[in-house]
Amino acid sequence: MTRRRHHSRRAFALPLVMLLALLCGITAAILLELQSSARLAVDNQVRVYRRHHTSLGIRELVADWIRSTAGDIPKSLDDDGRAFDLEAGSANYTVYLTDAQGTALRDPTARGGSGGNIVREVARLLTDADSGGEPLFRTAGPPAISVNSAPRQVLEAVATAAGAPRRAVPFANEIMQKRVDRRLVATDLADAARDAGLTNEQTGRILSMLTVTPELYRIEVRATRRGSSTEQSLQGGLVQFPPTSSSPGASSVVIISWEDLPQDGR
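Draft legend 1. Structural view of the overall build of the protein chain. Helices and strands together make up the secondary structure of the protein chain, namely 7 helices and 9 strands. Expressed as a percentage of the 266 residues in the protein chain, the buried residues total 36%. Residue pairs in contact within the protein chain that sit at least 24 positions apart in sequence constitute 62% of those at least 6 positions apart. For the protein chain, the exposed surface amounts to about 15,700 Å²; the carbon and sulfur share of it is 54%.

Right under this line is the structure:
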């Protein structure tokens, strides 16, 4: 009888030990998870802080650079989009700009008047179009579309919205042909419309929708470590510059978005 009671106590103690071990393991896992979450939260705050202050610094530098361009940003860029270089610490930094105004506003509802009607009609036409994987819309920037970077479908939609659906393809062909080896200027738009057979009224509507001086650009900052020839993308985003008629200052350069970029060597 005594042996059975002793065996019963041992049988009861084993599950209790296992339960305590399980609770200790769960507690340790929770503590590690909390520690990891706290570390991630701190790292995220540091990244946000760095991103914010980097964007402010870039805005100041870009504003200074714009003042040196006399308002003609596209002409001041290298063929690869390089705007300017900066040496800091053990690396050289290069700022690149790419025209980001070649697509249509996805939500142009804030635009009123007759010009707004054309903007909304362009958006409607492109909504029903097959993009073929090519971006046709953007969510920010001016309503005008950059003629030097607009895809063919966007050009055709502009001509159609301007009241020339039968001349939309010829107009797009004229633009695509003229910009093969050079950047178009304002007179090229009127020439393309005339050569495509558009009326003066239709040409006026098209000129109100297309621009040769975009204000919206995609900006990218790349770094090259000294002693290396490999560029690495660091940060970038979407930036809107002031119209060419205004005097550029740091506050007039709007950073719409800013983010860390994949660290791909170039």
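Once the structure has been displayed, the description carries forward.
Draft legend 2. Just the packing of aromatic side chains, in detail. All told, the structure shown has 2 aromatic pairs when counted by the stated rule. Ring centres of W65 and F84 lie 6.4 Å apart, and the angle between their planes is 35°; this geometry places the pair in the tilted category. Taken together, the positions of W65 in helix α1 (residues 2-68) and F84 in strand β1 (residues 82-88) put the pair 19 residues apart, joining distant regions of the chain. Across this residue pair, the class does not change: W65 and F84 are buried.

Draft legend 3. Region of interest: the sheet that holds β1. As summarised here, the arrangement of the 5 strands in space is β1-β2-β7-β8-β9, forming an open sheet in which the pairing is antiparallel. Each having just a single partner strand, β1 and β9 (254-260) make up the two edges of the open sheet. In this sheet, neighbouring strand axes are inclined to one another by 20° on average, regardless of whether the strands run parallel or antiparallel. The pairing of strand β8 (residues 231-240) with β9 spans 6 bridges and is classified as antiparallel. Across the sheet, V239 pairs through a bridge with I255, a residue of β9.

Draft legend 4. A look at the pattern of salt bridges. In total, this model carries 10 salt bridges according to the counting rule given. One salt bridge connects R194 with D191, and the closest N-O pair in it is separated by 3.0 Å. In this pair, R194 and D191 are both assigned in helix α6 (residues 186-195), 3 residues apart and thus about one turn of the helix distant. Look at R194 and you get exposed, because its relative accessible area is 53%. For E220, the salt bridge is made with R222, and the minimal N-O distance between the two is 3.2 Å. We note that E220, like R222, is buried. It is possible to trace a salt-bridge network through shared partners that takes in K178, D191, R194 and D195.

Draft legend 5. Geometry of the packing of helix α4 (residues 152-161) against helix α5 (residues 168-178). The geometry of α4 relative to α5 is characterised by a closest axis approach of 8 Å and an angle of 130° between their N-to-C directions. The orientation of α4 with respect to α5, classified from their angle, is oblique. Classified by chirality, the crossing of α5 by α4 is right-handed. Only A168, V169, F171, A172, N173, I175 and M176 of α5 make contact with α4, whose side of the interface consists of R152, L155, E156, A159 and T160. Grouping the constituent residues of the contact of α4 with α5 by class yields 8 nonpolar, 2 polar and 2 charged.

Draft legend 6. Layout of the environment of Q153. By the secondary structure assignment, Q153 is in helix α4. Residues Q153 and L126, 27 residues apart in the sequence, show an inter-C-alpha distance of 7.6 Å. Each residue touching Q153, except ones within four places of it in the same chain, is listed here: L126, A129, D130, S131 and L136.

Draft legend 7. Representation of the packing of α5 against α6 within the structure. Between α5 and α6, the shortest axis-to-axis distance is 8 Å and the interhelical angle comes to 135°. Taken together, α5 and α6 sit at an angle that is classed as oblique. Viewed along their axes, α5 and α6 form a crossing whose handedness is right-handed. Where α5 approaches α6, its residues F171, E174, I175 and K178 are matched on the opposing element by D188, L189, D191, A192, A193 and D195. Of the residues contributing to the contact of α5 with α6, the split by class is 5 nonpolar, no polar and 5 charged.

Draft legend 8. Representation of a nonpolar patch on the surface in the model. Together, L20, L23, I26, I30, L31 and L34 make up a nonpolar patch on the protein surface, roughly 570 Å² of accessible area in all. Along the polypeptide, L34 turns up in helix α1. Owing to a relative accessible area of 53%, L34 belongs among the exposed residues under this scheme.

The rules behind these values
- Residues numbered from 1 in each chain as written.
- Predicted model: local features only at pLDDT ≥ 70, side-chain atom pairs only at ≥ 80, totals over all residues.
- Heavy atoms only, no water.
- Helix = DSSP H or I, 4+ residues; strand = E, 2+ residues; numbered from the N terminus.
- Buried < 20%, exposed > 50% of the residue type's maximum accessible area, 1.4 Å probe, protein only.
- Contact = heavy atoms within 4.5 Å.
- Areas by Shrake-Rupley, 256 points an atom, 1.4 Å probe, with all protein chains shown as cover.
- Phe/Tyr/Trp six-rings, centres within 6.5 Å; stacked < 30°, edge-to-face > 60°.
- Pairing = 2+ DSSP bridges.
- Axes fitted to C-alpha atoms, helices over the stretch in contact; angles between N-to-C directions.
- Salt bridge = Lys/Arg side-chain N within 4 Å of Asp/Glu carboxyl O.
- Parallel < 35°, antiparallel > 145°, perpendicular 65-115°, else oblique.
- Left-handed = near helix turned anticlockwise from the far one by under 90°.
- Nonpolar A, V, L, I, M, F, W, Y, C, P; charged D, E, K, R; others polar.
- Patch = residues over 30% accessible without salt bridge, like charges linked within 9 Å, V, L, I, M, F, W, Y side chains within 5 Å.

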